[in-house]
Amino acid sequence: MSKHVWQYFDLNAVLARQRGGLFPWCAVLFGVGVGIYFMLSREPSTWALTGLTLGFLLLLTGAWRSSEHLSPFFGGAAWVIAGVLVAALHAHAARAPVLGFRYYGPVEGTVIAVDRSHGGKIRMMMDQVVLRNMSPDRTPERVRISLHGDSDPDARPAYDGFVPLIPEIGQNLVLTAHLSPPPGPAEPGGFDFRRYAWFQKLGAIGYTRTPVLQIRPPETTGFWLRVNRLRGGMSALIRRNIKGEAGAFAVAISTGDRSAMSQVTTTALRGSNLSHLLAISGLHMGLLTGVVFTGLRWFLVLIPGVGLHWPVRKLAAAGAMMTGAVYLTLSGGNVATVRAFIMVSVLFIAVLLGRRALTVNAVALAAIVVLLISPEALVGPGFQMSFAATTALVVVFGNLKGTTVLSRIPPVLRGAFAVVASSFIAGAATAPVAAAHFNQIAQYGLLANVLSVPVMGAVVVPAGVVALLLEPFGLGWIGFWVMEWGIRWILGVADFVSQLEGAVWKVPTPQWFVLPLIAGGGLWLVLWRGKPNRVGIPIMLSGVFLWVQVERPVLLIAESGKLIGVMSEQGRALSKPRGDGFAARNWLENDGDAVSQADAAARPGFDRSEGGHAVMLVGTQFVLLAGRGARDRIAPMCRDDNWLIYGGKIQGLPAVEGCNLLTERSLRKTGSIAVFYDRNSPKGIRIVTSSALAGDRLWLRRRQMPHQPVSGANQ
C-alpha cells in the first residue's frame, strides 16, 4: 500500500485534516442521538436513563482529560447520548391527559390556533378545555376540532337568520362535538399522529356539525392573548386592503393564519413547489430581516457623522434581530418560525461579534439550539428541508468564493445567476426530503421558484414592511397595493406551472432507513475534509437504489375495520369510494398513486360474489364484511383459517371458530394491518400490525381509562 493511500488510515493525519471542522459533526451526532430515541421500540426505563446520564458524564470527563487524538471520539459519543437524553426529557415533560374513549357532548374552551385540514375544512385548537362529567385531571389539555355541517362558515354562510361563527384566536367557545383519541398510523410504519399530538399536548381530536357559540368576550389579560389580538387586528387590516386569495396569501405569510386559504390555491402551490412560501420559516425570516438590515444600514449611513463614528453594521444587525423577534411573536411562534429566528439570530450575532455570518458552524449551532428546544422537530419535514437547503447553500457558495466561477460571470448577470443557482441547489437538497414526506416531486419547481422567489424578496416582503410603516399615516394602501400585485404574480405562476403536463411526479414512500442513508451520505460529502468524503456519493446512491426497490403491502386493513385496499395491476383497489378518507388518502399517497378514493374504489381487485369484498393471497382469503346482514354472514363464512374483517357493532356478536375475526375492538389493539408477500413464510404471506412496529412508547400509553362519569365535576 503506497504512502499516499496509507495516510487516509493514519489517525493523526485524519484528525489533523479535520482540525477546525469538527463542530458541525457535533450537531450531526446530537441529531443521531435524538433519532435513536425516536427509533427505539421501548421507552427507556428510569434506570436506563440514569445509566446514560452517568455514561454522558464519564464521556465528558474522557473528552476533557484524554489525549488530543482520543478526545473527539469521547466527545462524539457524548453528543449522541446527549441527544437521547434531551429527547427523552422533552417527551416526559410533554405528559398531559389523553382521551381514552369516544366522547360526544359539550366542549368548552379557548381558541389558541386556527388553520385548515387537508380537506380544506376550518379547524381550531382549544385549550382550557372543559368536558361534561370529567374531572380536570382527566380532561385533555388541548383538543382540535374541525367545523362541518351547520358550523362550517364555508358551507353555510348564513341560514334562518343565523350566521355561523368564524373562530378567532382568544375566543371562548362552547359547542357539541365528537372527540376521539389521536389516531394511530394509517398503515404500519407510517406517520404516527399520536407522537405528534403527544409533544403538542393534544389529547383529543374531533369534529362538530352543530353551531359554535361564543359564551363570553375574548380575554384581554395576559401577554399572549394580547399578542393574539394584535395578530387578529393585523390579519383584518391586510384583508381590508387585499381581497380574495391574494389577501389570504398575504395573511398567511404575515401572521401564519392560513384559515382563509382555499384548497385550490394550496394544491396549486404544492404542485409547483411553492408551498414553502406559505410557511413562515427561513425564507420569510431571512427576507424580512435582510430588508430591515439593509434599510437600516442605508438610513444610518445617510445621517451625517453616524457612518463615520458609529458601528453602523452592528446597529443594523441588532435592529434586524429585534425585528425578527417581533415577527416571531406576531406569527404565532410555531416550530418552523422559531427555527428560522434562531438561524438568523446566529447569523446576526456573528455580525455583532465581527465573525463571518454564513458558515457551516453557524448552521450547526442553529441546529443544536433548535433540537435543544424541540427535539421532535428532527423527524418532521420542516427541520429536514430547512437545514438541508441551508447547509447546501452555505457549502456550495462558500466553495465558489474560492474559485473564479463568479468572476467569469458578467456583473449584470450575477444576480440572476445567484437566483437560479440558489433555487437549483436548495431544490436538489430538499427534493429527497419532500419526496419522502409528501410523495411527490414538482418537475417544474425550479422554474416556479426562479419566477417567484425574486418577486417575493424584491416586491412582496419590502412592500409589506412599507405598508405597515405607512399605515399610521393613512398611506398603508400604497404598500398593500404593490404587495397585492406581487402576490398575484406568484399565484399566477403557481397556477400555470401546476397545470403543466407532468408537473407532479408521484413517488412511493421509502423504507425508514432510506432518508437517513441519503442524508448521511450528503453530510459526509460536504462536511468531511479530504478525498474520503467522496464515499458519501455511493452512500447516497445506495439510498436511492433501495428506495426504488421499496415493496408496498399487497393488502392494507384500516384500524376502523371498514376499509381494505388490495394492490392490483392498475394500482391499489379500495373497498369503498367514501369514508375512512384519512386512511384511503394516505395509502394512495404512500403508493405514489395520484388517483382519488372514488377512482381507486372503481378498480377491479375484489371478489364480491359472497356478499363481501374478498381477496385471495397465496391460499389465504381475506374478506371485508360490510352493509346489511354483515353480522349474519360471519358464521357461514368462517372457514379454512381465512380472515374476516368486520367493523360493525360487536355487542352480542356470536363466538366463531375456524377463522380469524378482526373486529373494531381487536383492531383498536393491533392498529392498522399490512400484508406482504413473503417466500420465507410457510403461508407465503407476512402480516404486520401497527402496534408491533410502534412498540411501547410514552405516546402509546393511554393515560385515560375508559370513561367513568365524575359526578358534579366540570359540569
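Structure first, text after, so check above.
So, a few notes on the structure that sits alongside this text.

Conventions adopted
Residues numbered from 1 in each chain as written. Predicted model: local features only at pLDDT ≥ 70, side-chain atom pairs only at ≥ 80, totals over all residues. Heavy atoms only, no water. Salt bridge = Lys/Arg side-chain N within 4 Å of Asp/Glu carboxyl O. Helix = DSSP H or I, 4+ residues; strand = E, 2+ residues; numbered from the N terminus. Buried < 20%, exposed > 50% of the residue type's maximum accessible area, 1.4 Å probe, protein only. Core = buried A, V, L, I, M, F, W, Y, C linked by side-chain atoms within 4.5 Å. Contact = heavy atoms within 4.5 Å. Pairing = 2+ DSSP bridges. Polar contact = N/O pair within 3.5 Å; in protein donor to acceptor, adjacent residues only side chain to side chain. Phe/Tyr/Trp six-rings, centres within 6.5 Å; stacked < 30°, edge-to-face > 60°. Lys NZ or Arg CZ within 6 Å of the ring centre and 35° of its normal. Axes fitted to C-alpha atoms, helices over the stretch in contact; angles between N-to-C directions. Parallel < 35°, antiparallel > 145°, perpendicular 65-115°, else oblique. Left-handed = near helix turned anticlockwise from the far one by under 90°. Nonpolar A, V, L, I, M, F, W, Y, C, P; charged D, E, K, R; others polar. Expected span 1.5 Å × (residues − 1).

**A closer look at the pattern of salt bridges**
Evaluation of the coordinates by the stated rule reveals 11 salt bridges. Residue E187 pairs with R552 through a salt bridge whose shortest N-O separation is 2.8 Å. Of this pair, E187 sits in the loop between β4 (172-180) and α6 (193-199) while R552 sits in the loop between α21 (536-548) and β9 (555-557), placing them 365 residues apart in sequence. By the burial criterion, E187 is buried, and R552 matches it. D678 is paired through a salt bridge with R686; the nearest N and O atoms lie 3.5 Å apart. In the salt-bridge network here, residues are joined through shared partners; they are E187, R552, R572 and D591.

**Examining unusual backbone geometry**
Only a minority of non-glycine residues have a phi that is not negative, and only a minority of peptide bonds are not trans. Of note in this structure, N273 is not a glycine but carries a positive phi near 65 degrees. By the element assignment, N273 lies in the loop between α9 (263-271) and α10 (282-302). With a relative accessible area of 28%, N273 lands in the partly exposed category. The phi angle at N439 is positive, at roughly 60 degrees, despite the residue not being glycine. Residue position: N439 is located in the loop between α17 (411-438) and β7 (440-442).

**Considerations on the nonpolar core**
Counting 48 residues, the largest nonpolar core has F249 and M483 as the members making the most contacts within it. Put simply, the parts of the chain that give this core at least two residues each are α7 (223-241), α8 (244-255), α9, α10, α12 (312-330), α13 (335-352), α18 (445-470) and α19 (476-498). If sequence neighbours within four positions are ignored, M483 has contacts with I242, A250, I253, S254, V460, A463 and G464. Among the nonpolar cores identified, the runner-up in size contains 39 residues, and C26, A87, A91 and V346 belong to it.

**Re the pairing of strand β2 (residues 122-131)**
Looking along a regular strand, one sees the side chains alternate between the two faces of the sheet. Counting buried positions along β2 yields 8 of 10 residues, so the element is predominantly enclosed. Judged from the 8 bridges that link them, strand β1 (residues 103-116) and β2 form a sheet pairing that is antiparallel. Residue pairing in the sheet places A113 in a bridge with M125 of β2. The hairpin formed by β1 and β2 contains 5 residues between the paired strands, and G120 there has a positive phi angle of roughly 90 degrees.

**What to know about the side chain of T265**
Its location among the elements puts T265 in helix α9. Only 3.1 Å separates the side chain of T265 from the side chain of S262, close enough to count as a polar contact. Among all residues touching T265, those that are not within four sequence positions of it are E245 and L491.

**Digging into the packing of aromatic side chains**
The full count for this structure, using the stated rule, is 14 aromatic pairs. Here a set of aromatic residues connected by ring pairs shows up, and it is made of Y37, F38, F199 and W699. When the ring centre of W485 is taken as reference, the NZ or CZ atom of R488 above it lies at 6.0 Å. Seen from the ring of Y37, R697 lies directly overhead, with NZ or CZ sitting 4.5 Å from the centre.

**Here we look at the sheet that holds strand β12 (residues 613-617)**
Overall, mixed pairing links the 4 strands, which are arranged β12-β13-β14-β15 in an open sheet. Taken across any chain shown, the strands that pair with only one partner, and hence form the sheet edges, are β12 and β15 (660-663). Across the sheet, the mean angle from the axis of one strand to that of its neighbour is 15 degrees, orientation sign disregarded. Of the strand pairs in this sheet, strand β13 (residues 620-625) and strand β14 (residues 643-646) are connected by 4 bridges, and their pairing is parallel. Considered in β14, the bridge of F622 is made with W643.

**Description of the packing of helix α3 (residues 23-39) against helix α5 (residues 71-93)**
Running from amino to carboxyl end, α3 crosses α5 at an angle of 45 degrees, the nearest separation of the two axes being 7 Å. Between α3 and α5, the crossing angle belongs to the class labelled oblique. Like other packed secondary-structure pairs, α3 and α5 cross with a definite hand, here right-handed. Listed contacts from α5 to C26, L29, F30, G33, V34, I36, Y37 and F38 of α3 are G76, W79, V80, A82, G83, V84, V86, A87, A88 and A91. Residue composition of the contact of α3 with α5, by class: 15 nonpolar, 3 polar and no charged.

**Here's the deal with the packing of α9 against α19**
Relative orientation and spacing of two packed helices are given, respectively, by the angle between their axes and the distance between those axes. Following both chains from N to C, one finds α9 and α19 inclined at 70 degrees, their axes separated by 8 Å at the closest point. On the basis of the axis angle, α9 is roughly perpendicular to α19. Here α9 runs over α19; the crossing is left-handed. Contacts between α9 and α19 involve T265, A268, L269 and G271 from the first element and L491, A494, D495 and S498 from the second. For the contact of α9 with α19, the class distribution of residues is 4 nonpolar, 3 polar and 1 charged.

**Overview of helix α20 (residues 514-527)**
Between its first and last C-alpha, α20 extends 20 Å over 14 residues, near the 20 Å set by a 1.5 Å rise per residue. The complete set of buried residues in α20 reads V514, L515, I518, G521, G522 and L527.

**As for the sheet that holds strand β17 (residues 685-689)**
An order of β11-β10-β9-β16-β17 is seen for the 5 strands of this open sheet, with the pairing classed as antiparallel. For this open sheet the edge positions go to β11 (571-574) and β17, each flanked by a neighbour on one side alone. The average angle at which neighbouring strand axes cross in this sheet is 20 degrees, direction not considered. Sheet analysis places strand β10 (residues 564-568) next to β11, joined by 4 bridges and oriented antiparallel.

Function cannot be inferred from these measures alone, as they are strictly geometric.
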